Amino acid sequence: MSEFAPPVKERLLRTPLYDLHLELGGKMVPFAGYEMPVHYPSGILKEHQQTRNLAGLFDVSHMGQVKLSGSRAAAAMEGIVPVDVIDLAVNCQRYALFTNDDGGILDDLMITNAGGHLFVVVNAACKEQDIAHMRRHLSGDCDIEPLNDRALLALQGPAAGEVMASLAPESRRLVFMTAARLSLAGADCFVTRSGYTGEDGFEISVAADRAEAVARELLAYEQVAPVGLGARDSLRLEAGLCLYGHDIDGSTTPVEASLLWAIQKVRRAGGAREAGFPGADVILEQIATGVSRRRVGIRPQSKLPVREGSELLDSAGNRVGTVTSGGFGPTVGAPVAMGYVDIAHSKLDTGLQAIVRGKPHPVRVAKTPFVEQHYYRG
Amino acid sequence: MSNIPTELKYAKSHEWVRDEGDGTVFVGITDHAQEQLGDLVFVELPEVGETLTAGSECAVVESVKAASDIYSPVSGEVVAVNQTLEDAPETVNEDAYGDGWLFRVEISDESDIDELMDADAYAGFIESEAH
C-alpha cells in the first residue's frame, strides 16, 4: 500500500479550534496552509451520514472572512463580480465569483449585506490574492478589513435548525441565504443560514477566543458530531457544488461552469447594470452565443470511482472531456463525479467512457445535485 | 495500537502474507493500513491466473478520499481472489486479516517469504514511519 497522507511537517497555521480537534481525535492533515482535521475517529463515511441524517459541526476557520465598509462598497464590489450586489437586501446573502479579464474565475465567494457593511467569505487557498485583488480594485471606495481574529464554524444537517433554535430562538426566522447577529453561548455571532453540503444549516462567524466555547456548546447536543474535511468534500460533491481549483478556476468561465444562475439579469445584456466586471465581454458573449464545453454531472455505471483527472471519451474514442471532481457518494451509494465535456456530449444521459488506470469504464452525463437539496426556505 | 498477528509476515508497503504451507499464500492489507486508509468503497483485484512479481502493483483499494496501490509481497500466480469484496469492500476494514483477504498466490519462489518482516519487525517499522 502507498500514498498515506503526508506527515504534517512544514510550518502550518492552526485555527482557534486546533486543540479541540486533537481532543476529539481528529486526524490532522495540511490543507491550504492549515493543519485541519480530515476526519475524526468515526471516519469519513459515518461523518457524511451524520451530516445527512442529523447534524455535523465543521471548522471552516481557514476560510477568509473580510469586512467591506463604506457607502460605496456594494457598487465597488459590482466592479469585480458579475453579480447583483447593490440590490442585495440587508441580512441577505448571495453567491458570487471574482472574474478575470478572460472571463475565468479567480475565486468563488459569499457576500452578505450585514447592514453597515458587506461580509465576504472567500476560499482559504485564495484568500491572500483575493484580499490583494479587493485592495487593488476597491480601496478608493471602501475599507477592506480581513477579519483574522474570527473563526468560522458550520453546523449542517436536518437537525441544525432545531439545535440552533434551542440556543438562539431568533434563528427560527432565518431562511436559506439570510443572516442575523445572534448570541450563542454568550458570544456575539454573525450567522448565515447557508453552507456547503446541500443540507439546511448555518455558518457561524465568531471571535476566535469564543469559538471553542461555541463549538463545545453545539457538540453538547446529541444530534451534533464533529465532521472533517473529508466528508465536507463528499457532501459538497453529492450536492453538485463546485470546489475552487478543481471544478472552477481561472480557465473556466461561469457560463462553462454551469453557474449562469449566479449572474443576475441586471448584470446581463439588457440589464440596468449590464457588464462592468472583468471579462464581461467574454461572459456576455458566451451567454448570447453559447459555449463549446460545459460542466456536467457524471454517473459512473459501475462501482468504480472515477476521480479528478480522468479523461472522458466518446464512443469513437475521441477525447471529449475531463473529470474535475469525483469519488464515492455515500448517500447516493455509488460513485459520482463532475467534469467538463464538449457541448455536443453534454446532454443528460449521454454515454461516455472514463479512463481509469488506462482502461475505459462507462459513465453517463447526469443531473446535479446527485442528492435532493434540503435548504430551509420557510 | 493496531493489531499485528504473530503468525503472519509483512511487507513495508503494509501488506500481510499468510503461508498456507502448501505452496500458496493469502495476501491482504494490515490493520494499520486499513486504519490509515479509512472506509474502503472499492477494491480492484488481480485476475485469477495472472502472474505477479514481488514488489509490483497488482491491486487497488479505494477509500472515499483516494485510490491506493497494493503491491504484491510475493511472486507467483494468482489462484483465487476474494470476490466478496466486490459488493462489500468494507470487509477489509472490519476484518483485515480474515474475511478481508485480497487474493491467494501460488508462489514461484519460497524465499520471497523470508524477505518479509515478522510481526515484531513490522511493529517497529510502523513506529519508525510515524516519526
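Residues numbered from 1 in each chain as written. Chains lettered and ligands numbered in written order. Predicted model: local features only at pLDDT ≥ 70, side-chain atom pairs only at ≥ 80, totals over all residues. Heavy atoms only, no water.

### Things to note about the overall build of chain B
At step 1: Broken down by element type, chain B carries 5 helices and 9 strands.
At step 2: Written out in order from the N terminus, the α and β elements of chain B read β-β-β-α-β-β-β-β-β-α-α-β-α-α.
At step 3: A compact globule built from 131 residues would reach a C-alpha radius of gyration of about 14 Å, and chain B, at 14 Å, matches this within 12%.
At step 4: Seen through its principal axes, chain B has C-alpha atoms that stretch 35 × 35 × 20 Å.
At step 5: Here chain B holds 131 residues, and 55% of them are scored as buried.
At step 6: Here the analysis covers contacts within chain B between residues at least 6 apart in sequence; of these, 60% occur between residues at least 24 apart.
At step 7: Taken together, the 5 basic and 31 acidic charged side chains of chain B have centroids lying 4 Å from each other. (Helix = DSSP H or I, 4+ residues; strand = E, 2+ residues; numbered from the N terminus. Rg over C-alpha atoms; globule rule 2.2 N^0.38 Å. Buried < 20%, exposed > 50% of the residue type's maximum accessible area, 1.4 Å probe, protein only. Contact = heavy atoms within 4.5 Å. Lys, Arg positive; Asp, Glu negative; His and termini not counted. Charge placed at Lys NZ, Arg CZ, Asp CG, Glu CD.)

### A few points about the pattern of salt bridges
At step 1: One pass over the full model with this rule turns up 23 salt bridges over all chains.
At step 2: The closest approach of N and O atoms between Glu44(B) and Arg357(A), which form a salt bridge, is 3.0 Å. Within this pair, whereas Glu44(B) is found in strand S4 (residues 40–44), its partner Arg357(A) is found in the loop between strand S18 (351–356) and strand S19 (359–366), the two belonging to separate chains.
At step 3: Residue class for Arg357(A) comes out partly exposed when judged on its relative accessible area of 37%. (Salt bridge = Lys/Arg side-chain N within 4 Å of Asp/Glu carboxyl O.)

### What to know about the interface of chain B and chain A
Reports of interface size often rely on the accessible area that becomes lost once the parts have come together.
At step 1: In this assembly, 25 residues from chain B lie in contact with 17 residues from chain A.
At step 2: Between chain B and chain A, a total of about 1900 Å² is buried, with carbon and sulfur atoms accounting for 54% of that surface.
At step 3: Counting every contact that joins chain B to chain A gives 4 salt bridges.
At step 4: One can count 9 residue pairs in polar contact (both at pLDDT 80 or more) joining chain B with chain A.
At step 5: Secondary structure elements with two or more residues in the side of chain B that touches chain A: helix H1 (31–37), S4, strand S6 (57–63), strand S7 (67–71) and helix H2 (84–87) of chain B.
At step 6: Examining the composition of the side of chain B that touches chain A, we find that 5 residues originate from one element, S7(B), more than from any other.
At step 7: Its residues placed into classes, the side of chain B that touches chain A shows 10 nonpolar, 6 polar and 9 charged. (Buried area = accessible area lost by both parts, 1.4 Å probe. Polar contact = N/O pair within 3.5 Å; in protein donor to acceptor, adjacent residues only side chain to side chain. Nonpolar A, V, L, I, M, F, W, Y, C, P; charged D, E, K, R; others polar.)

### Description of the nonpolar core
Residues and elements named next belong to chain A.
At step 1: If you look at the biggest cluster of nonpolar residues, it comprises 31 residues, and the most contacted ones within it are Tyr95, Ile105, Ile248 and Leu259.
At step 2: The set of elements that each furnish at least two residues to this core consists of strand S5 (93–99), strand S6 (105–113), strand S7 (117–122), strand S9 (150–156) and helix H7 (229–238).
At step 3: In terms of nonpolar packing, the next biggest core, distinct from the first, is built from 29 residues, Leu17, Leu20, Ala151 and Ile204 among them. (Core = buried A, V, L, I, M, F, W, Y, C linked by side-chain atoms within 4.5 Å.)

### Let's talk about empty space enclosed by the protein
All names here are of chain A.
At step 1: Applying the stated criterion to the full structure yields 2 cavities of 30 Å³ or more.
At step 2: Empty space within the largest cavity amounts to approximately 60 Å³.
At step 3: Lining of the largest cavity is provided by Leu17, Leu20, His21, Leu24, Tyr40, Leu57, Phe58, Asp59, Ala215, Leu219 and Pro226.
At step 4: Of all the secondary-structure elements, those providing two or more residues to the lining of the largest cavity are helix H1 (18–23), strand S3 (55–59) and helix H6 (208–219).
At step 5: For the lining of the largest cavity, the class distribution of residues is 9 nonpolar, 1 polar and 1 charged.
At step 6: What lines the second largest cavity is Gln93, Phe119, Val121, Leu152, Phe190, Thr192, Glu203 and Ser205.
At step 7: For the lining of the second largest cavity, the elements supplying multiple residues, two or more each, are S7, strand S11 (187–192) and strand S12 (201–207). (1 Å grid on protein atoms, 1.4 Å probe; cavity = no way out; pocket = protein on both sides within 12 Å on 5 of 7 lines; lining within 4 Å. Points joined across faces, edges and corners; volume = space filled by probe spheres on them.)

### Topic: the layout of surface pockets
All names here are of chain A.
At step 1: Its boundaries defined by the atoms lining it, the second largest pocket holds a volume of some 840 Å³.
At step 2: Lining the second largest pocket are 37 residues; nearest its centre among them are Tyr95, Leu241, Cys242, Trp261 and Tyr375.
At step 3: Contributing elements (two or more residues each) for the lining of the second largest pocket: S6, S7, strand S14 (293–300) and S19.
At step 4: The dominant element in the lining of the second largest pocket, judged by the number of residues it contributes, is S14, at 4 residues.
At step 5: Partitioned by chemical class, the residues of the lining of the second largest pocket number 22 nonpolar, 8 polar and 7 charged.

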